[in-house]
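Observations on the three-dimensional arrangement
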Amino acid sequence: EKPSAICMVPMIMEKIYKKRVMTAIDQSTLLKLATKIPALRQKIYRKIGRKLLDFFGGNLQLIAIGGAAINHETENFLKESRFPSLIGYGLTETSPLLAAGPFQDPSLVIGCTGKPVPGVEIRIAQPEPATGIGEIMARGPNVMQGYANHPELTAQTIDSSGWLATGDLGRFDQFGNLHIMGRSKSVIVLSNGENIYPEAIEEKINSFMHVIESLVVENHDHLEARVYLDYDLIDQKTKNKNQQQKREYIEQLLKEIQQNVNSQLASYSKIHKIIERQEPFIKTATHKIKRYLYTEGH
């Protein structure tokens, strides 16, 4: 069809990056070394980016990514390869876009979704003094009138001034770009009073080539990560090994993931245990994990 624009969920680009790009680099010692040098990595990524444009038909001007959070490693690849992509944020209740870009804005950094789209107002309700994080509120002509036949739910969601409570947590940076921190219902509050945003930790875990998806939960005031691995890749890496050796490979892999992720986290948010999961998590139509199914008490 040779499209000029495509809308997609992050999982598609994440799979392309992990299965094609990272796998090709991992198989070449020379490429692995070259990608550790920023200038060489950009040259390699730009060449791959041009091949990806051909893969998508050659006429592509923009890929719009939304519906779930994108992995930062994948997002960095898209940026360094100069692949024409844009991260968007919104809700079904907001028709559905609230913030994105603008395209090629130099102030856009990895992890932000950009500025409110024209005609839309966004504010942060009751931000934490130290971090500026609070619930994202939105107002504009794209906000729904309400939930059909549910006036009480509508009143809980949209106030008298037309501000819609998104249920998402976020903050603005110095350039006016919105950063999404996760769902307010997902925040883990430890006994020491620290707020943990599990999606931020999951993003770090999911950046590993061997990880397909993960979920961070609280268990007796400790953080645990449940991880679903890429068993096809593991089979390739351990094809000449017996079952015991394969099990040792997986256990060592989980240990390395835990050590690496914890080295990037504050002391109060470190992962206490990583639990291997043998099957994918149950997800919504937009490929978000149904978190409530796996939290304590369910």
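Rules used in this analysis
Residues numbered from 1 in each chain as written. Predicted model: local features only at pLDDT ≥ 70, side-chain atom pairs only at ≥ 80, totals over all residues. Heavy atoms only, no water. Pairing = 2+ DSSP bridges. Helix = DSSP H or I, 4+ residues; strand = E, 2+ residues; numbered from the N terminus. Axes fitted to C-alpha atoms, helices over the stretch in contact; angles between N-to-C directions. Buried < 20%, exposed > 50% of the residue type's maximum accessible area, 1.4 Å probe, protein only. Polar contact = N/O pair within 3.5 Å; in protein donor to acceptor, adjacent residues only side chain to side chain. Contact = heavy atoms within 4.5 Å. Salt bridge = Lys/Arg side-chain N within 4 Å of Asp/Glu carboxyl O. Phe/Tyr/Trp six-rings, centres within 6.5 Å; stacked < 30°, edge-to-face > 60°. Lys NZ or Arg CZ within 6 Å of the ring centre and 35° of its normal.

Regarding the sheet that holds strand S5 (residues 121-125)
Pairing between the strands of a sheet is mediated by backbone hydrogen bonds and can be parallel or antiparallel. Across the sheet, four strands lie side by side as S5-S6-S7-S8; this open sheet has antiparallel pairing. The open sheet has two edge strands with one neighbour each: S5 and strand S8 (178-183). When the angles between neighbouring strand axes are averaged without regard to direction, this sheet yields 50 degrees. Examined bridge by bridge, strand S7 (residues 164-172) and S8 share five bridges and lie antiparallel to one another. By the bridge assignment, Phe 172 is partnered in S8 with Leu 178.

Digging into the pairing of strand S2 (residues 62-65)
Every second residue of S2 is oriented toward a common face, the buried set being Ile 63 and Ile 65 and the non-buried set Leu 62 and Ala 64. Where strand S1 (residues 5-8) meets S2, four bridges bridge the pair, whose relative direction is parallel. Bridging from a neighbouring strand, Ala 5 pairs with Leu 62 of S2. Direction of pairing for S2 relative to strand S3 (residues 85-89): parallel, over a ladder of three bridges.

Describing the side chain of Thr 113
By the element assignment, Thr 113 lies in the loop between strand S4 (99-100) and S5. Of the polar contacts made by the side chain of Thr 113, one reaches the backbone oxygen of Ile 87; its length is 3.3 Å. Side-chain polar atoms of Thr 113 contact the backbone nitrogen of Tyr 89, separated by 3.4 Å. Not counting residues up to four positions away in its chain, the partners in contact with Thr 113 are Ile 87, Gly 88, Tyr 89, Ala 99, Ala 100, Gly 101, Leu 178 and Ile 180.

Some details on the pattern of salt bridges
All chains considered together, the criterion is met by 13 salt bridges. Across the salt bridge formed by Asp 230 and Lys 19, the nearest N and O atoms sit 2.7 Å from each other. Taken together, the positions of Asp 230 in the loop between strand S12 (222-229) and helix H7 (231-237) and Lys 19 in helix H1 (residues 10-26) put the pair 211 residues apart, joining distant regions of the chain. Take Lys 19: its relative accessible area is 42%, and that puts it in the partly exposed class. With its nearest N and O atoms 3.1 Å apart, the salt bridge here joins Lys 283 to Glu 213. Highlighted residues: Lys 283 in the segment after strand S13 (271-277) and Glu 213 in strand S11 (residues 211-219), separated in sequence by 70 residues. Judged by relative accessible area, which is 25%, Lys 283 ranks as partly exposed. According to the relative accessible area criterion, Glu 213 is buried, its value standing at 9%.

Concerning the packing of aromatic side chains
This model, assessed by the stated rule, comprises six aromatic pairs. When the ring of Phe 56 is compared with that of Phe 83, the centres are 6.1 Å apart and the planes differ by 55 degrees; the resulting orientation is tilted. Of this pair, Phe 56 sits in the loop between helix H3 (38-55) and S2 while Phe 83 sits in the loop between helix H4 (72-80) and S3, and the two are 27 residues apart along the sequence. Given the relative accessible area of 12%, Phe 56 is considered buried. Seen in terms of ring centroids, Phe 281 and Tyr 294 are 5.2 Å apart; in terms of plane orientation they differ by 90 degrees. Their pairing is edge-to-face. Within this pair, whereas Phe 281 is found in the segment after S13, its partner Tyr 294 is found in the segment after S13, the two being separated by 13 residues in sequence. You'll find Phe 281 and Tyr 294 in the same group, each marked buried. Every member of this aromatic cluster is reached through a ring pair, and the members are Tyr 17, Tyr 45 and Phe 77. In this arrangement the basic side chain of Arg 123 is found over the ring face of Trp 163, its NZ or CZ atom lying 4.7 Å from the centre.

Description of the sheet that holds S4
The strand order across the open sheet built from four strands is S1-S2-S3-S4, with neighbouring strands paired in mixed fashion. Here the strands that pair on one side only, and so sit at the sheet edges, are S1 and S4.

Bear in mind that shape data such as this cannot, by itself, settle questions of function.
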